[in-house]
Amino acid sequence: ANFVHRVEWRGQTLRQIARWYTGKSENWKKLTRPVNPDLTRCCAALQVGREVVIPRELLVRTEPMPKPKVTSPPAKPGEAPSDEAPPPAEAPAGAANGGQSAAE
């Protein structure tokens, strides 16, 4: 029997599914006709709830795909942000009021 993956979140593509379950992103082509006759493109986002049939002989794992990482909440003061770009530098004093200093 074949394995069935159900699309759980927006943005999942056939290429991502192939890479996760078969170990090779180029296997997306093997997930089209005749297995999933209506799927023809590697990188188009699939509809949530869509079932994708994966031939058992291609499987290298059956664990559900992990949800993609979303940006983590901002770090607390004094903490270094985790693997994110550093925050933008603060504007020079006086930039907030059109570049004029309070002394003028």
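For the structure, see preceding data.
Presented here is a report on the structure given in the accompanying data block. Because the structure is predicted, anything quoted here is derived from the model rather than measured.

Counting residues in each nonpolar core, the largest one holds 17 residues, and the members touching the most others are Leu-14, Ile-17, Tyr-21, Leu-31, Leu-46, Val-52 and Ile-54. When sequence neighbours within four positions are dropped, the list of residues in contact with Leu-14 reads Trp-28, Leu-31, Thr-32, Leu-39, Arg-41, Cys-42, Ala-44, Leu-46 and Val-52.

Here the residue pair Arg-33 and Pro-34 is connected by a cis peptide bond, since its omega of -5 degrees sits within 30 degrees of zero. Examined against the element boundaries, Pro-34 turns out to sit in the loop between α1 (14-22) and β2 (51-54).

This brings us to α1. Of all the positions in α1, only Leu-14, Ile-17, Ala-18, Tyr-21 and Thr-22 are classed as buried. In an axial view of α1, the angular spread of the buried residues amounts to 100 degrees, which keeps them on one side of the axis. Residues of α1 that are buried sit in contact with β1 (3-6) and β2. Just downstream of α1, Gly-23 is the residue with a positive phi angle, here 85 degrees.

Conventions and cut-offs
Residues numbered from 1 in each chain as written. Predicted model: local features only at pLDDT ≥ 70, side-chain atom pairs only at ≥ 80, totals over all residues. Heavy atoms only, no water. Core = buried A, V, L, I, M, F, W, Y, C linked by side-chain atoms within 4.5 Å. Buried < 20%, exposed > 50% of the residue type's maximum accessible area, 1.4 Å probe, protein only. Contact = heavy atoms within 4.5 Å. Helix = DSSP H or I, 4+ residues; strand = E, 2+ residues; numbered from the N terminus. Arc of directions from axis to C-beta.

Shape descriptors only; they carry no functional weight alone.
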